[in-house]
Amino acid sequence: PCRYFVWTLVGQLQGPGGREEPHAWPLLAYLLTCCIYPLASSCAHTFSTMSTHARHICYFFDYAALSMYSLGSALAYSAYVFPAEWLNSPFHRCYVPVAVLNTVVSTSLSCYSRFLEAERPRFSKASRTLAFVYPYLFDSIPLFYRFYLCAAESCTEAAILLHYKHTAFAFLTCFIFASHLPERLAPGHFDYIGHSHQVFHVCGIIGTHFQMEAITMDMAERHDQLLPPSLLPSSLQTLGAMGIGMAVSLAVIGLCSVSLRFMPEPLQR
C-alpha cells in the first residue's frame, strides 16, 4: 500500500499543474500522510520483535503516523470536502488548528496507553481506540453534514458514493480492531491467516483508497465552489500545520521513549 500511495503522489506531482496548482497543496500533504502511515506500520510489525523497548518505540512511531494521517485528512477535507455554506465560516477557520491539536492529543494518548498495558489492559485498549476514533469523528463533521444534506435532498454528487464506501470501511476497521473477531470465537485457528489485525489493516487501506478517490473527485468536481486562491491555505501554511504536528509528535515519542525505563514489565505467561 505504501508503494501504491507513493506512486499516486508522484503521479500527482508530475501531472498537469502539480505543485503550481493553487488548490493542490492540501491534496499533496494528504497523499504524503497516506504514504507514511502504511510504511510506519510495516516497520513497526517488522522490527518490534527486536526487544521489548524496541516494540514500544516502533509502535510509538506507528501511532504518530496515524495521527499525522488524521491531520492530512483534515487538511484535504478543509480544502475540498467542506459544504459550500460552511466555507470561510468560524468553524472552517478553526478546523485545521483544532485538527493539529487533535494530532498532538491522539499521539500522546495512544503512546501513553502502552504504559497501561501490563496493569490495566482493558483501559489501555479503550484509550488507544479513543485516541484514533475522536480525531476521525472530528475530521468527518463536514462530511457527515453533506451526508445529511444528501439524505434530506436529492444528491447528485458522484463523490458522495465514494465517501459512503470510505465511511463504511472506517467503521468496519474500528469494529474489527475493538472486537478481535474472528479469533476470539475460535482461539488458535487464526494465528497465521485471518487474524483480526490483518483484516483491520486490509479494511483500513481499502478505506483510505476510497477516501483518496473521493477527495480527488471532490477537488475536480467542486473546483468552482472551493475557496478562491487568495483564501486557500498556501504551501507554507499547509506545510506549517504538518510541521507543527510532526514536531510535537516526535517530541512526545522522545519523552515516552525516555520514560520506558519506568514502565512495569508484563507478567510472564
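Model, not experiment: these values are computed from the prediction.

## Comments concerning the UniProt feature "transmembrane region" (unreviewed entry) in the protein chain
The positions UniProt marks with the feature "transmembrane region" (unreviewed entry) are residues 27–47, 59–83, 128–148, 160–178 and 240–263. For residues 128–148, helix accounts for 95% and strand for 0%, while the C-alpha atoms at its two ends are 29 Å apart. Spanning residues 160–178, this segment combines 100% helix with 0% strand, and its end C-alpha atoms are found 27 Å apart.

## Focus: the side chain of Thr 33
Within the secondary structure, Thr 33 is located in helix 2 (residues 25–47). Under the relative-accessibility criterion, Thr 33 is labelled buried at 1%. In this view, Thr 33 contacts Met 68, Tyr 69, Gly 72 and Met 242; residues no more than four positions away in its chain are not counted.

## Focus: helix 6 (residues 141–152)
With twelve residues, helix 6 should cover 16 Å at 1.5 Å per step; its first-to-last C-alpha distance of 17 Å lies within 8% of that length. If you check which residues of helix 6 are buried, you get Pro 142, Leu 143, Arg 146, Phe 147 and Cys 150. When helix 6 is viewed along its axis, its buried side chains cluster within an angular range of 150° and face the same direction. Set apart from the buried face of helix 6 by more than 90 degrees, the exposed residues are Tyr 148, Ala 151 and Ala 152.

## Let's talk about the nonpolar core
Most often, soluble globular proteins keep nonpolar side chains buried together rather than apart. Counting 40 residues, the largest nonpolar core has Leu 27, Tyr 30, Tyr 80, Tyr 95 and Ile 215 as the members making the most contacts within it. Elements with a contribution of two residues or more to this core: helix 1 (2–14), helix 2, helix 3 (52–81), helix 4 (90–113), helix 6, helix 8 (196–221) and helix 9 (235–258). Top element by residues in this core is helix 3. It accounts for eleven residues. Counting residues in each nonpolar core, the second largest holds 13 residues, with Phe 115, Ile 253, Cys 256 and Leu 260 among its members.

## Structural notes on the UniProt feature "binding site: Zn(2+)" (unreviewed entry) in the protein chain
Mapped onto the present numbering, the UniProt feature "binding site: Zn(2+)" (unreviewed entry) falls on His 45, His 197 and His 201. Despite a sequence span of 157 residues, these residues sit close together in the fold, their greatest C-alpha distance being 11.7 Å. As for its placement among the helices and strands, His 45 is situated in helix 2. Look past the residues within four positions of His 45 in its chain and what remains in contact with it is Tyr 59, His 197 and His 201. For His 201, the location among the structural elements is in helix 8. Residue His 201 is classed as partly exposed on the basis of its relative accessible area, which comes to 27%. Those residues within four positions of His 201 in sequence are excluded, and the remaining contacts are Ser 41 and His 45. At 3.1 Å, the side chain of His 201 and the side chain of His 45 are in polar contact.

## Things to note about unusual backbone geometry
What is expected of a backbone is that most residues other than glycine have negative phi and most peptide bonds are trans. For the bond from Leu 181 to Pro 182, the omega torsion is 10°, close enough to zero to count as cis. Looking at the secondary structure, you find Pro 182 in the loop between helix 7 (159–179) and helix 8. We note that Asn 88 has phi near 65°; this positive angle belongs to a residue other than glycine. Position of Asn 88 relative to the elements: it lies in the loop between helix 3 and helix 4.

## Digging into the packing of aromatic side chains
With the rule as written, the count across this model stands at 22 aromatic pairs. Ring geometry for Tyr 63 and Phe 132: centres 5.9 Å apart, planes at 55°, overall tilted. Placement of the pair is Tyr 63 in helix 3 and Phe 132 in helix 5 (residues 121–139), with a sequence separation of 69 residues. For Phe 132, a relative accessible area of 22% translates into the label partly exposed.

## As for the side chain of Arg 146
Inspection of the secondary structure assignment puts Arg 146 in helix 6. The class of Arg 146 is buried, set by a relative accessible area of 4%. A polar atom in the side chain of Arg 146 sits 3.0 Å from the side chain of Asp 218. Arg 146 has contacts with Tyr 80, Val 81, Pro 83, Glu 157, Ile 160, His 163, Asp 218 and Arg 222, leaving out every residue within four places of it along the chain.

## Brief notes about the state of the cysteines
Using the criterion set out here, one finds zero disulfides in the structure. Looking at Cys 58, it has no disulfide partner, and the nearest cysteine sulfur is the one in Cys 43, 7.8 Å off. Residue class for Cys 58 comes out buried when judged on its relative accessible area of 16%. Cys 203 takes part in no disulfide bond, and the closest cysteine sulfur, belonging to Cys 174, lies 12 Å away.

What counts and what doesn't
- Residues numbered from 1 in each chain as written.
- Predicted model: local features only at pLDDT ≥ 70, side-chain atom pairs only at ≥ 80, totals over all residues.
- Heavy atoms only, no water.
- UniProt positions renumbered as here; feature names shortened; annotations may be inferred.
- Helix = DSSP H or I, 4+ residues; strand = E, 2+ residues; numbered from the N terminus.
- Buried < 20%, exposed > 50% of the residue type's maximum accessible area, 1.4 Å probe, protein only.
- Contact = heavy atoms within 4.5 Å.
- Expected span 1.5 Å × (residues − 1).
- Arc of directions from axis to C-beta.
- Core = buried A, V, L, I, M, F, W, Y, C linked by side-chain atoms within 4.5 Å.
- Polar contact = N/O pair within 3.5 Å; in protein donor to acceptor, adjacent residues only side chain to side chain.
- Phe/Tyr/Trp six-rings, centres within 6.5 Å; stacked < 30°, edge-to-face > 60°.
- Disulfide = S-S within 2.5 Å.

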